[in-house]
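Residue strings, one per chain:
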There are 2 protein chains.
Amino acid sequence: MHTIEDGTGRAAPPGLRERKKRRTRDTLIRSALELFALKGFDGTTVDEISEAADVSQRTFFRYFANKEEVALAVQDSVESFFFARLRERPAAEAPLTALRNAVLASWDSVGEAIESVVPLELHMRTYRMIESTPQLFAAHLHRLARLEEELAREIARREGLDVRTDPRPQVLVAAFGGVMRVTGKLWGERGNAGLEELRKITTRYLDQLGPALAENWRN
Amino acid sequence: MHTIEDGTGRAAPPGLRERKKRRTRDTLIRSALELFALKGFDGTTVDEISEAADVSQRTFFRYFANKEEVALAVQDSVESFFFARLRERPAAEAPLTALRNAVLASWDSVGEAIESVVPLELHMRTYRMIESTPQLFAAHLHRLARLEEELAREIARREGLDVRTDPRPQVLVAAFGGVMRVTGKLWGERGNAGLEELRKITTRYLDQLGPALAENWRN
DNA sequence: GAGATTATGGCAGCCTCTGACAATTGACCA
DNA sequence: TGGTCAATTGTCAGAGGCTGCCATAATCTC
């Protein structure tokens, strides 16, 4: 959201103050993720992160509302990135198709966007940590829920519907989001699979959405 | 899970010690929910809850791992209750039908089960608080995610499938769970709607699952 | 009733997070 | 260039969540 260019492409002239802030923020993220990878989320204190980034603890909390937030910062950017891809889908595409294409499209280029903040490998380790740390996983789900609200609004906008009266956008997004969570979880369990692997799992599981809702599975 | 009889109907002979523990636990829950309703979740300290229940703070943390847990205790029971209803569905029912009937069935009788611990009205207030308190909502979503894993296993068992090879149980449950979250949210926003209202929203939204996945919405 | 278990209370202490105030630093203009 | 204003940071104090440890008190078992 803050540190990853989402592809909108508009460049603003950043003053020294802005650049410094961004640098501090990125340093905090990097320091945190490295420490987390080394000693785990609970095993790392905010004091340690602050010290590694060479700022006071108080400053840490001015950049991140809580310890979870720094752990989810990159993931958060990834989700904004995906959302930006959705907006780019042509209006002619059906809702579910647009969602599907947006995920696949985002994985084509999100890798480099991540690298601009932390090494991809470190982010993947972090992702696995999120899935396996209850407190982080809970916060992650919460963010996804908020993302889904945005998605529903965007789908409704595309189709010219009112989210308050037509349930379909929310229902579609809920189903879609559910599948994405399952695939994310599977991917995380896969240990060290790459983005191609993730792509495979996703298409496979999305393809099962129709069949899964069918009345009779025993055919 | 602990305080609500889930309908399995097995009666064990509880000694004085067990009864006392259960009473303490229930008192803690009631005290907590009342204070939460009065002063909000963040505005209530564990010390206050403990004092209201007439135990030490240390004892509180022996009953609940953290402050969130006591807020979600009743909701947790409700979910176990639903799960028990799912197990009772006849094997002939198709997966989605079984899930749907299980929710509806659980709402027929969960009211009394709740009343055995706290007034229904208080629980509904608590539910709304959960939806509107970020920290609680996150924890709630986490619990739902774990419930969905159980549901997927149960569906797979019913259909004689292996969750590891067939994606359908997980996909179905993910979609179903997503819709349930949306309905729960809507119900919470509805202010003071009763269980009948919840039932209506649920059937309405579940019915939209098929249409929402359709390729073209403009028919 | 004596001894073994188990629940509770009290306390010290770590960690997360916040408010308040002072000091520093960058932005901007005469 | 220097001076003013606004934003950023550090320091400090303190509340609140949560845990380990040990002593005490309450049940359970025989």
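Starting from 1, residues in each chain are numbered consecutively following that chain's sequence as written. Chains carry letters from A onward and ligands carry numbers from 1 onward, assigned in written order. In keeping with the predicted nature of the model, local features appear solely for residues at pLDDT of at least 70, side-chain atom pairs appear and are counted solely at 80 or more, and the whole-chain, interface and lining totals rest on all residues. Side-chain descriptors were evaluated using all non-hydrogen atoms of the structure, hydrogens and water having been removed beforehand.

K.L.:
How would you explain the interface of chain B and chain A if you had to name every residue and give the values?
P.N.:
Contacts are assigned to residue pairs with any non-hydrogen atoms lying within 4.5 Å of each other. With 43 residues of chain B at the interface, the matching set in chain A holds 42 residues. What gets called buried area is simply the loss in accessible area from a 1.4 Å probe that two parts show on being joined, summed for both. Between chain B and chain A, roughly 3,900 Å² of surface is buried when both sides are summed, and carbon and sulfur atoms account for 64% of that area. Throughout this description, the term salt bridge denotes a Lys or Arg side-chain nitrogen within 4 Å of a carboxyl oxygen of Asp or Glu. Two residues, Arg181(B) and Glu148(A), come together in a salt bridge whose shortest N-O distance is 3.9 Å. In the analysis that follows, any N or O atom pair within 3.5 Å is treated as a polar contact, provided that within protein one partner can donate a hydrogen and the other can accept it, and provided that, for residues neighboring in sequence, both atoms belong to side chains. Between the two partners, chain B and chain A, sit six residue pairs in polar contact (both at pLDDT 80 or more). At the level of secondary structure, the elements contributing two or more residues to the side of chain B that touches chain A comprise α5 (95-115), α7 (134-159), α8 (168-189), α9 (195-207) and α10 (209-213) of chain B. Classes in brief: Ala, Val, Leu, Ile, Met, Phe, Trp, Tyr, Cys and Pro nonpolar; Asp, Glu, Lys and Arg charged; the others, Gly included, polar. Each residue belonging to the side of chain B that touches chain A can be placed in one class, and the counts come to 27 nonpolar, six polar and 10 charged. Secondary structure elements are taken from DSSP: a helix is a run of H or I of four residues or more, a strand is a run of E of two residues or more, and numbering for both begins at the N terminus.

K.L.:
Go over the relation of the copies chain B and chain A with me, naming the residues and quoting the values.
P.N.:
The copies were overlaid with a least-squares fit restricted to C-alpha atoms from residues scoring a pLDDT of at least 70 in each copy. Taken as rigid bodies, chain B and chain A are interconverted by a rotation of 180 degrees and an axial shift of 0.0 Å, the fit giving an RMSD of 0.1 Å. Such a combination of turn and shift is consistent with a two-fold rotation axis. In terms of C-alpha distance to the rotation axis, chain B has Ala175(B) as its closest residue, with the C-alpha 1.9 Å off the axis. A high fraction, 98%, of the interface residues of chain B reappear at the interface in chain A, so the copies pair face to face through one surface.

K.L.:
Now, about the protein's contact with DNA strand C: what can you tell me, with residues and values included?
P.N.:
What makes a residue near a molecule or strand is one non-hydrogen atom of that residue sitting within 4 Å of it. Near DNA strand C you find 23 residues, and of these Lys20(A), Arg58(A), Lys67(A), Thr59(B) and Arg62(B) are the closest. Counting only the atoms of DNA strand C within 4 Å of the protein, the fraction contributed by sugar and phosphate is 55%. A distance of 3.2 Å separates a sugar or linking oxygen of DNA strand C from a polar atom in the side chain of Arg17(B). Going through the elements one at a time, α1 (16-39) and α3 (57-63) of chain A together with α1 (16-39) and α3 (57-63) of chain B are the ones with two or more residues in the surface near DNA strand C. Among the residues forming the surface near DNA strand C, the class breakdown is six nonpolar, eight polar and nine charged.

K.L.:
I'd like a rundown of the protein's contact with DNA strand D, residues and numbers included.
P.N.:
Neighbouring residues of DNA strand D: 23 residues in total, closest Lys21(A), Thr59(A), Arg62(A), Lys20(B) and Arg58(B). Within 4 Å of the protein, the contacting atoms of DNA strand D are drawn from sugar and phosphate to the extent of 54%. Separating a base oxygen of DNA strand D from a side-chain N or O atom of Arg62(A) is a distance of 2.7 Å. Separating a base oxygen of DNA strand D from a side-chain N or O atom of Arg58(B) is a distance of 2.7 Å. Taken together, the elements giving at least two residues each to the surface near DNA strand D come down to α1 and α3 of chain A together with α1 and α3 of chain B.

K.L.:
Give a description of the environment of Thr165(A) that names residues and reports values.
P.N.:
Examined against the element boundaries, Thr165(A) turns out to sit in the loop between α7 (134-159) and α8 (168-189). Between the C-alpha atom of Thr165(A) and that of Ala214(A), which follows or precedes it by 49 residues, the distance is 26 Å.

K.L.:
Lay out the environment of Lys200(A) with the relevant residues and their values.
P.N.:
Tracing the chain through its elements places Lys200(A) in helix α9 (residues 195-207). For the pair Lys200(A) and Leu104(A), spaced 96 residues apart in sequence, the C-alpha to C-alpha distance is 9.9 Å.

K.L.:
So, the pattern of salt bridges: which residues are in play, and what are the values?
P.N.:
Applying the stated rule across the entire model yields 27 salt bridges over all chains. Residue Arg190(A) is joined to Glu197(A) by a salt bridge in which the shortest nitrogen-to-oxygen separation is 3.1 Å. Burial here depends on accessible area, computed with a 1.4 Å probe over protein chains only, as a share of the maximum for the residue type. Under 20% is buried, over 50% is exposed, and the range in between is partly exposed. For Arg190(A), a relative accessible area of 44% puts it in the partly exposed group. Among the ionic pairs, Asp26(B) bridges to Arg22(B), the shortest N-O distance being 4.0 Å. You can see Asp26(B) and its partner Arg22(B) sitting in helix α1, four residues apart, about one turn around the helix. Residue Arg22(B) is classed as partly exposed on the basis of its relative accessible area, which comes to 41%. One network of salt bridges, with partners in common, ties together Glu69(A), Asp76(A) and Arg143(A).

K.L.:
Requested: an account of the packing of helix α4 (residues 67-88) of chain B against α7(B), with residues and values cited.
P.N.:
Axis angle and axis distance: for two packed helices, these are the angle between their axes and the distance between the axes, and together they describe the pair. Residue and element names in this part refer to chain B. The N-to-C vectors of α4 and α7 enclose an angle of 20 degrees; their axes lie 11 Å apart at closest approach. Judged by the angle between their axes, α4 and α7 are roughly parallel. α4 and α7 meet at a crossing whose hand is right-handed. Contacts between α4 and α7 involve Glu68, Glu69, Ala71, Leu72, Gln75, Asp76, Glu79, Phe82, Phe83, Leu86 and Arg87 from the former and Gln135, Leu136, Ala139, His140, Arg143, Leu144, Leu147, Glu150, Leu151, Glu154 and Arg158 from the latter. Partitioned by chemical class, the residues of the contact of α4 with α7 number 10 nonpolar, three polar and nine charged. Here, axes are lines fitted to C-alpha atoms. For helices the fit covers the stretch in contact, and angles between N-to-C directions go from 0 to 180 degrees. Working definition: roughly parallel below 35 degrees, roughly antiparallel above 145 degrees, roughly perpendicular at 65 to 115 degrees, and oblique for all remaining angles. Handedness of a crossing follows from how the near helix is turned relative to the far one, being left-handed for an anticlockwise turn of less than a right angle and right-handed for a clockwise one.

K.L.:
Outline helix α2 (residues 46-53) of chain B, listing residues and values.
P.N.:
Residue and element names in this part refer to chain B. Val46, Ile49, Ser50 and Ala53 are the residues of α2 that are buried. With its buried residues spanning 95 degrees around the axis, α2 presents them on a single face. In this fold, the buried residues of α2 make contact with α1, α3 and α4. Once α2 ends, the next one or two residues include Asp54, with phi positive near 65 degrees. Summarising the geometry, the arc corresponds to the directions from the helix axis toward the C-beta atoms.

So, to be careful, I would describe these as geometric facts and stop short of saying anything about function.
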